[in-house]
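# Inside the fold
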Amino acid sequence: MGKQRVLSGVQPTGNLHLGNYLGAIRNWVEIQDQYDNFFCVVDLHAITVPHNPATLAADTYAIAALYLACGIDLQYSSIFVQSHVSAHSELAWLLNCITPLNWLQDMIQFKEKALKQGENVSAGLLIYPVLMAADILLYQADKVPVGEDQKQHLELTRDIVNRFNHQFAKDEPVLKLPDPLIRKEGARVMSLTDGTRKMSKSDPSELSRINLLDTPDQIVNKIKRCKTDPVRGLTFDDPERPECNNLLTLYMLLSGKSKEEVAAECQDMGWGQFKPLLTETAINALKPIQDKYHQITADKGYLESVLRDGREKAEAVANQTLADVKAALGYSVPV
């Protein structure tokens, strides 16, 4: 048997931050040699909320370059841009037509984002989980690396698979049921300004996150100003101290030390001693990524060739799945 297949992607909206890296991309890198991987930049998802057309293309290339800089290896993985493979939008339409509306209205992220956007909320925001399902199902993915907040979307994808196969491919299933890959530590990195909220690119405050391309001075400033508490002595897992748990977790993940080692090292520290330690660790951890990113972006031809090769490999798999789905639905074959 060949390797199982993994599919995942990140939106090109804003710079990637430590939450993206520690909660997703680093996990991809660590397991990539075990799987056949397709990693895409999901630029179709990026326009479900207001976006800047002037920067979308550049942001898309930047995310692809960061994939490589973070350690995605082309020996094991293909990197491509979602909108460059037209099967994504076509399969999404076909699946939209068999997905009950109430399934989408029950999605927690839609409710949260719709509340923020008010009357400006788009139909795309409602149906984008079906596009996410199409992204996964086109590649017959066995595993999907997801954070805790994306588990509901993967459950929807599985519901769509079961509904489609039951209605249109009962004798020989066309779509594969994907399973989640969830990292235990760091799967949900929290904001620097509020330890009860997830670190997010959509947070209006730049102080809430450390971006992968932040300069040392920016990292110093953000950690110096991050929210803490007045208690001396730092401990994990205290529900009354969410910021303390988050910052210790960041230090643990960036330093490579175990939870037990960090707990022992920091148990008697005050914030004045710990913050410089976390700052130095973050700067040192991000420097190799930043150096490689600048090397990759200096050679635009190389990045374009990576995305072209990735698109060709993606299309070979995606177009076959799309053809099988259309055949099951009864569409005619073009002549």
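Conventions used here
Residues numbered from 1 in each chain as written. Predicted model: local features only at pLDDT ≥ 70, side-chain atom pairs only at ≥ 80, totals over all residues. Heavy atoms only, no water. UniProt positions renumbered as here; feature names shortened; annotations may be inferred. Helix = DSSP H or I, 4+ residues; strand = E, 2+ residues; numbered from the N terminus. Rg over C-alpha atoms; globule rule 2.2 N^0.38 Å. Buried < 20%, exposed > 50% of the residue type's maximum accessible area, 1.4 Å probe, protein only. Contact = heavy atoms within 4.5 Å. Areas by Shrake-Rupley, 256 points an atom, 1.4 Å probe, with all protein chains shown as cover. Lys, Arg positive; Asp, Glu negative; His and termini not counted. Charge placed at Lys NZ, Arg CZ, Asp CG, Glu CD. Pairing = 2+ DSSP bridges. Polar contact = N/O pair within 3.5 Å; in protein donor to acceptor, adjacent residues only side chain to side chain. Salt bridge = Lys/Arg side-chain N within 4 Å of Asp/Glu carboxyl O. Expected span 1.5 Å × (residues − 1).

An unreviewed UniProt entry annotates the chain as Tryptophan--tRNA ligase of Anabaena azotica FACHB-119. In the Sequence similarities (unreviewed entry) part of its UniProt record, the chain is described as follows: "Belongs to the class-I aminoacyl-tRNA synthetase family." Under the heading Subcellular location (unreviewed entry), UniProt records this for the chain: "Cytoplasm".

### Focus on the overall build of the chain
Scanning the chain for helices and strands turns up 12 helices and 5 strands. For 335 residues, the compact-globule estimate of 2.2 N^0.38 gives 20 Å, and the C-alpha radius of gyration of the chain, at 21 Å, lies within 12% of that figure. When its C-alpha atoms are laid out on the principal axes, the chain stretches across 70 × 45 × 45 Å. Across the 335 residues that make up the chain, the buried fraction comes to 49%. Here the analysis covers contacts within the chain between residues at least 6 apart in sequence; of these, 75% occur between residues at least 24 apart. Accessible area for the chain stands at about 16,100 Å²; split by element, carbon and sulfur atoms hold 51% of it. Looking at the chain, you have 35 positive and 42 negative side-chain charges, and the mean spots of the two groups are 1 Å apart.

### Regarding the pairing of strand S1 (residues 5-10)
Of all 6 residues making up S1, 5 are buried, and the element is well covered by its neighbours. When S1 meets strand S2 (residues 36-41), the two strands line up parallel, connected through 6 bridges. Looking at S2, one finds that Leu7 is bridged to Phe38.

### Description of the side chain of Thr279
With respect to the helices and strands, Thr279 occurs in helix H11 (residues 271-297). In this structure Thr279 comes out as buried when scored by relative accessible area, which is 11%. Residues within four places of Thr279 in sequence aside, it is in contact with Ile219, Val220 and Ile223.

### Some points on the environment of Thr60
Here Thr60 lies in helix H2 (residues 53-70). Judged by relative accessible area, which is 4%, Thr60 ranks as buried. Contacts of Thr60, omitting those with residues within four sequence positions, involve Pro12, Val41, Asp43 and Val81.

### Digging into the UniProt feature "binding site: L-tryptophan" (unreviewed entry) in the chain
Feature annotation in UniProt assigns "binding site: L-tryptophan" (unreviewed entry) to the following positions: Asp135. The contact partners of Asp135, leaving out residues within four places of it in the chain, are Leu7, Val42, His45, Gln82 and His88. Engagement of the side chain of Asp135 in a polar contact is seen with the side chain of His45, the distance being 2.8 Å.

### So, the pattern of salt bridges
Once their charged atoms are close, side chains differing in charge can pair, the charge on each being opposite to the other. With the rule as written, the count across this model stands at 15 salt bridges. Residue Asp179 pairs with Arg158 through a salt bridge whose shortest N-O separation is 3.0 Å. Here Asp179, found in strand S5 (residues 179-181), pairs with Arg158, found in helix H7 (residues 151-168); they are 21 residues apart in sequence, far enough to count as distant. Look at Asp179 and you get partly exposed, because its relative accessible area is 32%. On the basis of relative accessible area, Arg158 is assigned to the partly exposed category, the value being 28%.

### Examining H2
Between its first and last C-alpha atoms H2 spans 26 Å; for 18 residues at 1.5 Å apiece the expected length is 26 Å, and the two agree. Those residues of H2 that sit buried are Thr60, Ala62, Ile63, Ala64, Ala65, Leu66, Tyr67, Leu68, Ala69 and Cys70. The secondary structure elements touched by the buried residues of H2 are S1, helix H1 (18-31), S2, strand S3 (77-81), H11 and helix H12 (300-329). Measuring from the backbone nitrogen of Ala54 back to the side-chain oxygen at the start of H2 gives 3.0 Å, which picks out Asn52 as the cap. Directly beyond the C-terminal end of H2, a positive phi value near 120 degrees is found at Gly71.

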